[in-house]
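Notes for the structure review
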Amino acid sequence: MGIILEVKNLTKKFGGLTAVNDFSFEIKRGEFVGLIGPNGAGKTTVFNLISGRDKPSSGSIRFDGVNITGLKPYKIVNLGIARTFQLVRSFKFLSLLDNISVSCLSKRGKAVSKKIGTEEYASSILTSVGLVDKATIPPVVLPHGDLRKLQIGKAIGTNPELLLLDEPFSGLSHEEKVGITDLIKKLHADGVTIFMTGHVLRELMTLVPRVIAMHQGKFIIDGSPEEVANNKIVLEAYLGRGAGFA
Amino acid sequence: MQDLLELKKVYHYYGRARALEEINLKVEEGALDAVIGPNGAGKSTLLRVISGLEEPDRGKIEFLGERIDDMKAHKIAKRGIAHCPERRRLFYDLNVEDNIQMGAYTLKNKNAKNAMKDFVYELFPRLKERRKQRAGTLSGGEQQMLAIARALMAKPKLLLLDEPSLGLAPKIKKKIFDAIEKIKQEGTTTLLVEQDAVLAMDVGENIHLLEEGKIEMRGTKEELEKEPRIKQVYLGI
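**Some remarks on the nonpolar core**
Within the largest apolar cluster, 137 residues are counted, with the highest numbers of intra-cluster contacts made by A:Leu163, B:Val120, B:Leu146, B:Ala149, B:Leu152, B:Leu159 and B:Leu160. Considering each element in turn, this core owes the most residues, seven residues, to helix α6 (residues 140-152) of chain B. Apart from residues lying up to four places away in sequence, B:Leu146 is in contact with B:Leu90, B:Val96, B:Asn99, B:Leu127, B:Ala135 and B:Leu138.

What follows is the structure in structure tokens.
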């Protein structure tokens, strides 16, 4: 399997603070990878750099062999990377179908919508995220778990090869987490490469086979969930200095 | 010892997301209890329902035998609960001394006020040195000291401390936690919530482990130290 994402020596400084510090890793096509770290570790900044929201101070990001370092977000989406945000945002007063249709009109989304029609395409996405029976209502009336599904649906509408999910479980009830877990599994089974963050770890650590851990902007370890959870630096980062209980 | 604070089957929701589930918690007079748990476990919410910043959706909270769960925050403060909030929340444009004075808002007796001021300046000599300095210009550690000092000025019967180690270097964390021990020795009952389990277990007499809004486990440091469950709660597996 080829490498879909190659991040090399990525660094991002905000004034005197180095949010991401010489961070490197690779993700292969079809993989399912988690990025963990305590609050403020730099996870979201890594996503912001990959998706073009922030420009790196140094280092490089290659997607499918193409250098995308510092490109505008829309160009990166058009190459095949979509992301979701920790805080859900939607077009509040458009119907769910229209919310999804907007992203189906992106360059890569059009490749599909031209063939089967935008509405058809958007509707099929609503079906796959489990919201098709709510197609005509606006998101303002939806519970948080449905908004999260909608957000993932909007990302899928751009027909991505790599999907970045930032904290997909935060703020959800237990039942909603189960729904989102199933959805993410299905997307991965459909062939989308998935890279997701989480600071609440129970769902993430049992979902992904591979985890990258970071702390204070730096790479700590890349391995199976068990390897990562037993790493001394990871333990100390989460539980405090001198954490002996393991 | 008498129970100062008792929570009985307390629930709290943010919209549909459950933040606290069936919390039962007793804090004895003179004790130092610590609640540990990862981000998002509900630690701050727990303190917020006690001090009245949030009204619990269900359950009872009693303080000195009186129900306070439906009471407004300012009334709860008058009853003797001081809340030192996460991320300090100082009056950043006021100087150190004025911040400290603001903490004594509920204290009418001038002598008591002065005695408390002497105590907090003795506890944190650094603050005395900087008493004319604007709070916003202090270092993170000094700001934390000031936040604790301000809460103490109300001469609380119960001190609630939210995440006092947040964002501080290990050496400074140690200083803050030394001060927390001293406050306890002076007889102030304290309920501490803290993500840094190691630090919290060092000072706390009773440790409560919170996971996804529920108290999963409790005990002394010795009882919990070898518990694999703590690591599981923090790291998910």
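**Quick word on the environment of B:Ala112**
Residue and element names in this part refer to chain B. Note on placement: Ala112 falls in helix α4 (residues 110-123). A count of 13 C-beta atoms within 10 Å places Ala112 in the partly exposed class. On a C-alpha basis, the gap between Ala112 and Gln101 in space is 12 Å, while along the polypeptide they are 11 residues apart.

**Side note on the interface of chain B and chain A**
With 21 residues of chain B in contact, the opposing surface of chain A contributes 26 residues. Listed by contribution, the elements that provide at least two residues to the side of chain B that touches chain A are β2 (17-28), α8 (197-203) and α10 (228-235) of chain B. Here the residues of the side of chain B that touches chain A sort into 10 nonpolar, four polar and seven charged.

**Looking at the pairing of strand β1 (residues 3-14) of chain A**
Across eight bridges, the pairing between β1(A) and strand β2 (residues 17-28) of chain A is antiparallel. Along β2(A), the bridge assignment pairs A:Lys13 with A:Thr18.

**Concerning the domain arrangement of chain A**
Residue and element names in this part refer to chain A. When cut into domains, chain A gives domain 1 (1-80 + 161-246) and domain 2 (87-159). Using only C-alpha atoms to locate each centre, domain 1 and domain 2 end up separated by 24 Å. Listed as interface residues are 13 residues of domain 1 and, on the opposing side, 13 residues of domain 2. Contributing elements (two or more residues each) for the side of domain 1 that touches domain 2: α2 (73-79) and α7 (174-189). Among the elements that line the side of domain 1 that touches domain 2, the one with the most residues is α7, at five residues.

**Some remarks on the sheet that holds strand β5 (residues 66-67) of chain A**
Residues and elements named next belong to chain A. The strand order β2-β1-β4-β5 describes an open sheet built from four strands, whose pairing is antiparallel. Strand pairing shows two members of the sheet lacking a second neighbour, β2 and β5, which therefore form its edges. Where strand β4 (residues 58-63) and β5 come together, two bridges link them in antiparallel fashion. Within the sheet, the bridge partner assigned to Arg62 lies in β5 and is Asn67. Sheet strands in contact with helix α1 (residues 43-50) are β1, β2 and β4, and its direction is about 65 degrees off that of β2.

Conventions adopted
- Residues numbered from 1 in each chain as written.
- Chains lettered and ligands numbered in written order.
- Predicted model: local features only at pLDDT ≥ 70, side-chain atom pairs only at ≥ 80, totals over all residues.
- Core = buried A, V, L, I, M, F, W, Y, C linked by C-beta atoms within 7 Å.
- Buried ≥ 20, exposed ≤ 12 C-beta atoms within 10 Å, placed from the backbone.
- Helix = DSSP H or I, 4+ residues; strand = E, 2+ residues; numbered from the N terminus.
- Contact = placed C-beta atoms within 7 Å.
- Nonpolar A, V, L, I, M, F, W, Y, C, P; charged D, E, K, R; others polar.
- Pairing = 2+ DSSP bridges.
- Domains from an automatic or database assignment.
- Axes fitted to C-alpha atoms, helices over the stretch in contact; angles between N-to-C directions.

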